[in-house]
Amino acid sequence: MKTLIKNGTIHPVTSPSFVGDILVEDGKIVGVEPGIQVKADTLIEASGLHVFPGLVEEHCHIGIHGEKTNQVSDNDVNEWSDPVTPQLLAMDGVKPFDEGFRYAISAGVTTLNIFPGSANPIGGFGVTLKNDLDVPYQERVLLERSGMKMAMGENPKKTHQESKKIMTRMGTAAVIRKAFSDAIAYRKKKDEKGFDPKNEALLQVLDGEFKAHVHAHRADDMLTILRIRDEFGFQLSFEHATESHLIADLLAEKGVELAVGPMFTARYKIEVNNRTLRTPGILEKAGISDISLITDDPVIPILNLPIQAGLAMHHGLSGDLALRAITINPARNLGLADRIGSIEKGKDGDLLVCDRDVLDPTHRLLFTLVNGKVAFDSSKQELVL
Amino acid sequence: MELFKGGQVWKDDRLQRLDFRVENGRFVSFGTDLQPSGDTRVIDLEGKYVYPGMIDPHTHVGIFEEMTGWEAGNDTNEYSSPATPSVRAIDAINPLDAGLRSARNAGVTTVCVLPGSSNVIGGEGVVIKTAGKNVDKMVVPTPKKLVKMAFGRNPSWFWQGQKKSPFTRMAVGALLREQLVKAQNQAKKPEEERGNDLETRLLQELLDHKAMARIHVANMEDIETIARISSEFGFEYVLDHATALHTNPEFARSLGVPAILGPLNVCARSFQTYDLTFHSVQILQDQGLLLSLMTDAPVIPLSLIRVQPWILARLELSEAQIVDLLTRNAAKILGIEDRVGSLSAGLDADFMVLSSGFFDVLSVVENTYIQGKVVGGEWDEDAH
């Protein structure tokens, strides 16, 4: 099965843009150069058009927070029964046929990482899916456990106040410290106590097998989790980080990854009062390049992934980093940079063909390819908008 | 008197190189190569782009305040009863709301502020300019008062939770009929017997065509109920949100009422918004309806008002059709097109100066003008 894209302006992300061809064979990119001569099963003539790698959403709740219903019957995003639920797998809560996946295809998003919600200080493992709607769910899974979702700030406090398990930010921090301390104690007496899925999951985080992805809007919440990280030692990606521009220099020094957004919300919660589209640009100027941008769909529709990057550019982010922040950076954050996030030989055939720059919100998407297969063709389907 | 020279000015559905004069807060004249007289201040707009100040005909800014957490600044819904026709949005507007500041920084110069959608009759809305410290001075009078109503899931879901009627759509319709009959009966009484008729006055004005209904509605069954009740009692209305209206284009045309669509750039997270799509704008435009577009701010903050138009540009709509949604059409629906909504002599000098075209994601709102005065722009720290 060969797919050939001819004469497009190719934006590989990891190397300079050029006009040329891309050959995809059996799902993988096998050629990226001008003048490829081969008889392909599918030919896309792309002269005058722009070709980008499929976009990568590092943080959303598509499939686990039912699109179009918002009822208990279809909402599996937060397991409110307990503030500490590291044993949960988002994979077990995802509805593979949710409408949201179709919206994601129309948005050019070919890989999605789906996290549990932010009600619990320790919420469970995310799942990363290739957005290939033609194959069974199990075959879409790229990472069964993408990373441990954790949460600071207003959400866990609000959720667990009623049951009096957490009343303050101090309480949230204490719950996290206790969970990790318990896991360390468990390791020492593992043979006596038998297998405990909660502690096993936490040990995987402490052992560096999985990263902690911590929901934190406010700078003080970020500082608290940095303190806890320094005490226990684990890898860290900040999720949301809408106040990260206030401590940009410190974050640059600490060298953590940041998944910033969504920045299209109103300032409705106190913890997002300082959210601004200027954040990514300020971080870049402070020397931070490990920035991904996220929509948190259904907080804002996934359609906005490239639009948000475009507006971050409007507010000071470089065009290069704006594009990286929705392709190679989230791929790297998820540990998948060898497979997705750029147009390179050997990588998955996840490609977009647009009539102009994908960061221009007026662009029209003409084709989406997932694993080399045409998943969206504007000449045959109407864009789901 | 000011003379703005050299800009690309959005007039008559296109950008043209035009100069314009402003005096006492109004546009005086447009033309090519206008020359200053004696004490005229000249503002150089060479390389800049000028568009009318944007109008959002359906928001809750000022009454659902940003940056105050969930409750402190929230006066959107008067939850004490499902019919609160005597409450007025103007009584709750905080002119210092951060949402208003970021609105004017983004080029929004006029907004309609409506009570929320928990009540079948929510109260009276008001149109204001986005700059000022005294709300009474910000008001743009509308020829007809605006009566906010709500149909469908929002009122029935909320009051069900309170264990109070209306539990169902049937009761929503019944409540509105009941209130309208009460107003009719009150109107029939001789003047001296009326006494305090605050509770029915607004609805009397509605039946008298001195007010129009602004109706929150999503689903088709609710749109049909509104049409039925309107034909029973005879009142003017606008469909707000109108999420499912495009699913029956012929019916939409037969209704012939204006619709204010949106917010479209949100996740369709309930059955009420099941049919939400950007395509609705094009489908209803093709049916000749008078259309506008809302952010429902702060649902979508007004600082991001241009994102929906940008996405609409992916469809088969002209730039003029899209710009009209947020300017001239919004003014027409509100009945204030002789005051705002286009760059025309005699109208308020409300406009925005952009660094490039409206549809360019990188175009910066360099200055927003209301009545000829700079009130904001992206130079302000609260512009994002």
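Residues numbered from 1 in each chain as written. Chains lettered and ligands numbered in written order. Predicted model: local features only at pLDDT ≥ 70, side-chain atom pairs only at ≥ 80, totals over all residues. Heavy atoms only, no water.

**Comments concerning the side chain of E257 of chain A**
Residue and element names in this part refer to chain A. Relative to the helices and strands, E257 is located in strand β14 (residues 257-260). Taking the relative accessible area as the measure of exposure, E257 reaches 15% and is therefore buried. Within the structure, the side chain of E257 is placed 2.6 Å from the side chain of K211, a separation counted as a polar contact. Ignoring anything within four residues of it in the chain, the contact list for E257 reads K211, L236, S237, F238, D290, R332 and N333. (Helix = DSSP H or I, 4+ residues; strand = E, 2+ residues; numbered from the N terminus. Buried < 20%, exposed > 50% of the residue type's maximum accessible area, 1.4 Å probe, protein only. Polar contact = N/O pair within 3.5 Å; in protein donor to acceptor, adjacent residues only side chain to side chain. Contact = heavy atoms within 4.5 Å.)

**Some words on the packing of helix α4 (residues 169-188) of chain A against helix α7 (residues 219-232) of chain A**
Residue and element names in this part refer to chain A. Across the interface, α4 lies against α7 with an axial gap of 11 Å and an inter-helix angle of 20°. Judged on the interaxial angle alone, α7 and α4 are roughly parallel. Crossing geometry of α4 relative to α7 is assigned as right-handed. Only D220, D221, T224, I225, R227, I228, E231 and F232 of α7 make contact with α4, whose side of the interface consists of R169, A173, I176, R177, F180, S181 and I184. Residue composition of the contact of α4 with α7, by class: 7 nonpolar, 2 polar and 6 charged. (Axes fitted to C-alpha atoms, helices over the stretch in contact; angles between N-to-C directions. Parallel < 35°, antiparallel > 145°, perpendicular 65-115°, else oblique. Left-handed = near helix turned anticlockwise from the far one by under 90°. Nonpolar A, V, L, I, M, F, W, Y, C, P; charged D, E, K, R; others polar.)

**Observations concerning the side chain of N273 of chain A**
With respect to the element layout, N273 of chain A can be found in the loop between β14 and α9 (279-285). Looking at N273 of chain A, the relative accessible area reads 12%, which means it is buried. Those residues in contact with N273 of chain A that lie beyond four places of it in its chain are R267 of chain A together with M67 of chain B.

**Some words on the packing of aromatic side chains**
Residues and elements named next belong to chain B. Counting across every chain of the model gives 18 aromatic pairs over all chains. Plain terms: the ring middles of F4 and F351 are 5.2 Å apart, the flat faces sit at 85° to each other, and that makes the pair edge-to-face. Of this pair, F4 sits in strand β1 (residues 2-11) while F351 is found in strand β14 (residues 351-354), placing the two residues 347 residues apart along the sequence. A centroid spacing of 5.2 Å and a plane angle of 90° characterise the contact between F20 and F351, whose relative ring orientation is edge-to-face. Of this pair, F20 sits in strand β2 (residues 14-23) while F351 sits in strand β14, placing them 331 residues apart in sequence. (Phe/Tyr/Trp six-rings, centres within 6.5 Å; stacked < 30°, edge-to-face > 60°.)

**Some words on the interface of chain A and chain B**
With 43 residues of chain A at the interface, the matching set in chain B holds 43 residues. Our count for the contact surface shared by chain A and chain B stands at 2 salt bridges. Run the count over chain A and chain B and you get 20 residue pairs in polar contact (both at pLDDT 80 or more). Broken down by element, the side of chain A that touches chain B gets its largest block of residues, 6 residues, from helix α10 (residues 304-314) of chain A. When its residues are assigned to classes, the side of chain A that touches chain B shows 18 nonpolar, 13 polar and 12 charged. (Salt bridge = Lys/Arg side-chain N within 4 Å of Asp/Glu carboxyl O.)

**Things to note about the packing of α4 of chain A against helix α6 (residues 197-206) of chain A**
Residue and element names in this part refer to chain A. Across the interface, α4 lies against α6 with an axial gap of 9 Å and an inter-helix angle of 100°. For the element pair α4 / α6, the angle class is roughly perpendicular. Contacts between α4 and α6 involve A179, F180, D182, A183, I184, Y186 and R187 from the former and N199, E200, L202, L203, V205 and L206 from the latter. Here the contact of α4 with α6 is built from residues that sort into 9 nonpolar, 1 polar and 3 charged.

**Quick look at the layout of surface pockets**
Roughly 300 Å³ of volume is contained in the second largest pocket. Taken together, 15 residues form the lining of the second largest pocket, with E382 and L383 of chain A together with H279, R314 and L315 of chain B sitting closest to its centre. Elements that contribute at least two residues to the lining of the second largest pocket include exactly β17 (365-370) of chain A together with α9 (279-286) of chain B. Counting residues per element, the lining of the second largest pocket draws most heavily on α9 of chain B, which supplies 3 residues. Taken together, the residues of the lining of the second largest pocket sort by class into 7 nonpolar, 4 polar and 4 charged. (1 Å grid on protein atoms, 1.4 Å probe; cavity = no way out; pocket = protein on both sides within 12 Å on 5 of 7 lines; lining within 4 Å. Points joined across faces, edges and corners; volume = space filled by probe spheres on them.)

**Some details on the pairing of strand β9 (residues 145-150) of chain B**
Residue and element names in this part refer to chain B. With respect to burial, β9 is a largely interior element, 5 of its 6 residues being buried. Relative to β9, strand β8 (residues 121-129) runs antiparallel, the two sharing 4 bridges. Across the sheet, G123 pairs through a bridge with K148, a residue of β9. Bridge count for β9 against strand β10 (residues 211-217) is 6 bridges, and the pairing is parallel. Each residue of the ladder has a partner; that of A150, found in β10, is H216. (Pairing = 2+ DSSP bridges.)

**Considerations on the state of the cysteines**
All names here are of chain A. Within this structure, the stated rule accounts for 0 disulfides over all chains. Here C354 is not disulfide-linked; the sulfur of C60 is the nearest cysteine sulfur, at 19 Å. By relative accessible area, C354 is classed as buried at 0%. (Disulfide = S-S within 2.5 Å.)

**Some details on the pattern of salt bridges**
All names here are of chain A. Summed over the entire model, instances satisfying the criterion amount to 47 salt bridges over all chains. Put simply, D320 and R324 hold a salt bridge, and the shortest N to O gap is 3.2 Å. Placement of the pair is D320 and R324 together in helix α11 (residues 319-324), with a separation of 4 residues, close to one helical turn. Sharing partners across several salt bridges, the network here consists of K28, K130, R339, D348 and D350.

**What about the domain arrangement of chain A?**
All names here are of chain A. Looking at chain A, the domain boundaries give domain 1 (1-53 + 342-385) and domain 2 (55-340). Each of domain 1 and domain 2 has a C-alpha centre, and these two points are 29 Å apart. Taken together, the 24 residues of domain 1 in the interface contact 31 residues of domain 2. Of all residues in domain 1, V13, L359 and V384 give up the largest surface area on contact with domain 2, accounting jointly for 29% of the area buried on that side. Summed over the shared surface of domain 1 and domain 2, the number is 4 salt bridges. Among the salt bridges present, the one from R339 reaches D348, with a minimum N-O distance of 2.8 Å. Seen at the junction of domain 1 and domain 2, the total is 11 residue pairs in polar contact (both at pLDDT 80 or more). Of all the secondary structure elements, the ones that give two or more residues to the side of domain 1 that touches domain 2 are β5 (50-53), β17 and β18 (373-377). For the side of domain 1 that touches domain 2, the leading source of residues is β17, giving 4 residues. Residue classes in the side of domain 1 that touches domain 2 are distributed as 15 nonpolar, 4 polar and 5 charged. (Domains from an automatic or database assignment. Buried area = accessible area lost by both parts, 1.4 Å probe.)

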